[in-house]
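# Structural description and commentary
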Amino acid sequence: MYDVRYSYLLEQFADPAPILAEIGRLVATGDFTLGKPVAEFERRFAELIGTRHAIGVGSGTDALKLPLKALGIGHGDEVITAANTFIATVGAIAETGATPVLVDCDDSFCMNVDHVEAAITEKTKAIMPVQLTGEVVDMVRLMKIAERHNIPVVEDACQGILSEFAGKRSGTYGIAAGFSLHPLKNLNVWGDAGVVVTNDDAMNERLRLIRNHGMKNRDEIAILGCNSRLDSVQAVVGNWLVGQTHEITRRRIDNAAYYDAGFAHVAGLRVPPRRANVRHVYHLYMVFAERRDELYQYCLDNGVEAKIHYPIPLYQQEGLKHLGYAAGRFPETDRHAREVISFPVDQHLMRAQQDRVIDTVRKFYDGR
Ligand SMILES: *Cc1c(COP(=O)(O)O)cnc(C)c1O
């Protein structure tokens, strides 16, 4: 229906036969929970990110919530995170019983580290930076602040697989990090799934208990946990794809560079600063647009499926009213909600489609 579609899932899984054959072999073993494919995926994912451990869980949201629970965070505690993020970050914090404390962002789409220290109180028990769009928070400065205050950092790296700050991968800075394998993420499976990575042996052990009811073995419960295991079936899909992650990332970066060049001289569109010490992996290709709503509609009307991530700031949502933030409290987040637009940047996108996007945007601004 669109000449330039946003979702590439039909292309990516156009030939499911090899995956289905592997699932067929799994079915023949009955190894459905925490079986061999899960262990294999965890080993390969840890190797991909460069951490000692990877623990498969039920979703990206749980990959954020479980490390917080492993740190003992709950009622009465505060966790600092970004005001402009996907709801899952704030939801994961709230599910532990802790209060999410938001800080504003900057043009990197990530939290503005300048605001973090002012948000710290004696109740702050963790900081959860979000590597939004595949950009990266200034992790060096953030870790210094966290260490000075002795506060653990749990990264929301759900959009940031293989992104880097100062040559070091997202997911390797804090005590733990959560990744999502949701169908819309860069490394995606056929439903909900997530992974936690950590270099900390004690954290690894606690996470393995928590995701499986706190069961030490068949008969003994070590701690109270929950049911959040990575499904063996999804692990099979993950194993099929995980080896392609570097190539997927390379293509996305390449596509983004092509857009950057194409949009460089389009008055009305502003490409955010590209920092030399960041490896942005372009989960989203997001730019700032004048007359954004008009441009968005113009793109849809002309066959280009653009998206807006996200049109309403979380802190202004009905479901987060109880956090008590007044309108205008996060001016940068508000501005982003008005100005951002995302174009498809996935590994299956073709140059002709990118040209079509660039031409459409040019035409819109030329016609004014
Ligand atoms: C997708 C996402 C999540 C949650 O992942 P799910 O697998 O959908 O639970 C959390 N944070 C961010 C920033 C995300 O984009």
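Computed from a predicted model, the values in this text were never measured in an experiment.

### Here we look at the sheet that holds strand β9 (residues 194-198)
Pairing is mixed across the open sheet formed by four strands, whose spatial order is β1-β9-β8-β5. Among the strands making up the open sheet, the edge pair consists of β1 (53-57) and β5 (154-156). Each strand axis lies, on average, 20° off the axis of its neighbour in the sheet, ignoring direction. Pairing between β1 and β9: five bridges, direction antiparallel. Paired with His53 across the bridge in β9 is Thr198.

### A look at unusual backbone geometry
A cis amide bond, omega 10°, links His309 with the succeeding residue Tyr310. Note on placement: Tyr310 falls in the loop between α11 (292-301) and α12 (331-339). Phi angles above zero are rare outside glycine, and Leu34 is one such case at about 50°. Mapping Leu34 onto the fold places it in the loop between α2 (17-27) and α3 (36-49).

### With respect to the pattern of salt bridges
Working definition: two side chains of opposite charge can pair if their charged atoms are close together. In total, this model carries 29 salt bridges according to the counting rule given. A salt bridge links Lys321 to Glu318; the shortest N-O distance between them is 3.7 Å. Here Lys321 matches Glu318 in class, with each residue exposed. Via salt bridges that share partners, Asp107, Arg270, Glu332, Arg335 and Glu339 belong to a single interconnected network.

### Quick notes on the packing of α3 against helix α9 (residues 232-241)
Direction vectors running N to C along α3 and α9 enclose 40°, while the axes themselves pass 8 Å from each other. The angle between α3 and α9 places the two elements in the oblique class. Crossing hand, α3 versus α9: left-handed. Facing α3, whose interface residues are Pro37, Val38, Glu40, Phe41 and Arg44, α9 presents Ser232, Ala235, Val236, Gly238 and Asn239. A per-class count over the contact of α3 with α9 returns five nonpolar, three polar and two charged.

### Focus: the packing of aromatic side chains
A full pass over the atoms with the stated rule returns 17 aromatic pairs. For the pair Phe263 and Phe343, a centre-to-centre distance of 5.6 Å together with 40° between the ring planes defines the contact as tilted. Note that Phe263 is positioned in helix α10 (residues 245-263) and Phe343 in strand β13 (residues 340-343), a separation of 80 residues in sequence. Of the two residues, Phe263 and Phe343, both sit in the buried class. Each member of the aromatic cluster is reached from another via a ring pair, and the members are Tyr259, Phe263, Tyr282, Tyr285 and Phe343. Positioned over the ring face of Tyr173 is Lys168, at 5.0 Å from the centre of the ring.

### Re the site of the ligand
Around the ligand sit 15 residues, and of these Thr61, Asp156, Gln159, Ser180 and Lys185 come closest. Measuring from an oxygen atom of the ligand, one finds a side-chain N or O atom of Gln159 at 2.8 Å. When the free accessible area of the ligand is taken as 380 Å², the share hidden by the protein chains comes to 93%. Looking at the shell around the ligand element by element, the count peaks at three residues for helix α4 (residues 60-70). Its residues placed into classes, the shell around the ligand shows five nonpolar, eight polar and two charged.

The rules we used
- Residues numbered from 1 in each chain as written.
- Predicted model: local features only at pLDDT ≥ 70, side-chain atom pairs only at ≥ 80, totals over all residues.
- Heavy atoms only, no water.
- Pairing = 2+ DSSP bridges.
- Helix = DSSP H or I, 4+ residues; strand = E, 2+ residues; numbered from the N terminus.
- Axes fitted to C-alpha atoms, helices over the stretch in contact; angles between N-to-C directions.
- Salt bridge = Lys/Arg side-chain N within 4 Å of Asp/Glu carboxyl O.
- Buried < 20%, exposed > 50% of the residue type's maximum accessible area, 1.4 Å probe, protein only.
- Parallel < 35°, antiparallel > 145°, perpendicular 65-115°, else oblique.
- Left-handed = near helix turned anticlockwise from the far one by under 90°.
- Contact = heavy atoms within 4.5 Å.
- Nonpolar A, V, L, I, M, F, W, Y, C, P; charged D, E, K, R; others polar.
- Phe/Tyr/Trp six-rings, centres within 6.5 Å; stacked < 30°, edge-to-face > 60°.
- Lys NZ or Arg CZ within 6 Å of the ring centre and 35° of its normal.
- Near = heavy atom within 4 Å.
- Polar contact = N/O pair within 3.5 Å; in protein donor to acceptor, adjacent residues only side chain to side chain.
- Areas by Shrake-Rupley, 256 points an atom, 1.4 Å probe, with all protein chains shown as cover.

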